[in-house]
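# Reading the structure
Listed below are the residues making up each chain.
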Amino acid sequence: MRAHRRLRESLGVYVLGRLDGDELLTVQAHVARCRRCREEVAELAVVVELLERTRPTARMARRS
Ligand SMILES: [Zn+2]
């Protein structure tokens, strides 16, 4: 499925919350129907959360 392959490349951006407009709607609609992509999004979300946690943010820098 061509749409599936193309959308998978957008999932990372989607998880980061960087998608908007038509692309965001397209990915959301696909993820809602596609279990594979939902699982992919869930896995990516875990990775992103870990990265966010380990990355020194401005807020954490100010606290230390
Ligand atoms: Zn899919």
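Nothing here was measured: the structure is a model prediction, and the numbers come from that model. (Residues numbered from 1 in each chain as written. Predicted model: local features only at pLDDT ≥ 70, side-chain atom pairs only at ≥ 80, totals over all residues.)

## Topic: helix α3 (residues 35-54)
Given 3.6 residues per helical turn, the α-helix brings residues three or four places apart onto the same face. Counted at 1.5 Å a residue, the expected span for α3 with its 20 residues is 28 Å, and the 29 Å between its end C-alpha atoms agrees. Counting buried positions along α3 gives zero out of 20 residues, so the element sits mostly on the surface. (Helix = DSSP H or I, 4+ residues; strand = E, 2+ residues; numbered from the N terminus. Expected span 1.5 Å × (residues − 1). Buried ≥ 20, exposed ≤ 12 C-beta atoms within 10 Å, placed from the backbone.)

## Thoughts on the environment of Gln-28
With respect to the element layout, Gln-28 can be found in helix α2 (residues 21-33). For Gln-28, a count of 11 C-beta atoms within 10 Å gives the class exposed. Sequence separation between Gln-28 and Leu-11 is 17 residues; the distance between their C-alpha atoms is 9.6 Å.

## Looking at the nonpolar core
Generally speaking, a soluble globular protein has its nonpolar side chains buried in company with each other. Formed by Leu-7, Leu-11, Tyr-14, Val-15 and Val-27, the largest nonpolar core amounts to five residues. No other element matches helix α1 (residues 2-15), which puts four residues into this core. Non-local contacts of Val-27, meaning those with residues more than four positions away in its chain, are made with Leu-7, Ser-10, Tyr-14 and Leu-19. (Core = buried A, V, L, I, M, F, W, Y, C linked by C-beta atoms within 7 Å. Contact = placed C-beta atoms within 7 Å.)

## Topic: the environment of His-30
Within the element layout of this structure, His-30 appears in helix α2. When the C-alpha positions of His-30 and Arg-8 are compared, they lie 9.9 Å apart, and in sequence the two are 22 residues distant.

## Quick word on the environment of Val-48
Here Val-48 lies in helix α3. Here the alpha-carbon distance between Val-48 and Val-15, two residues 33 residues apart in the chain, equals 7.6 Å. In contact with Val-48, other than residues within four places in its own chain, are Val-15 and Leu-16.

## Looking at the confidence of the model for the protein
Considering every residue of the protein, the mean pLDDT works out to 87; 84% of them sit at 70 or more. Per-element averaging of pLDDT across the protein places helix α4 (residues 58-63) at the bottom with 59 and α2 at the top with 95. (pLDDT = per-residue confidence, 0-100.)

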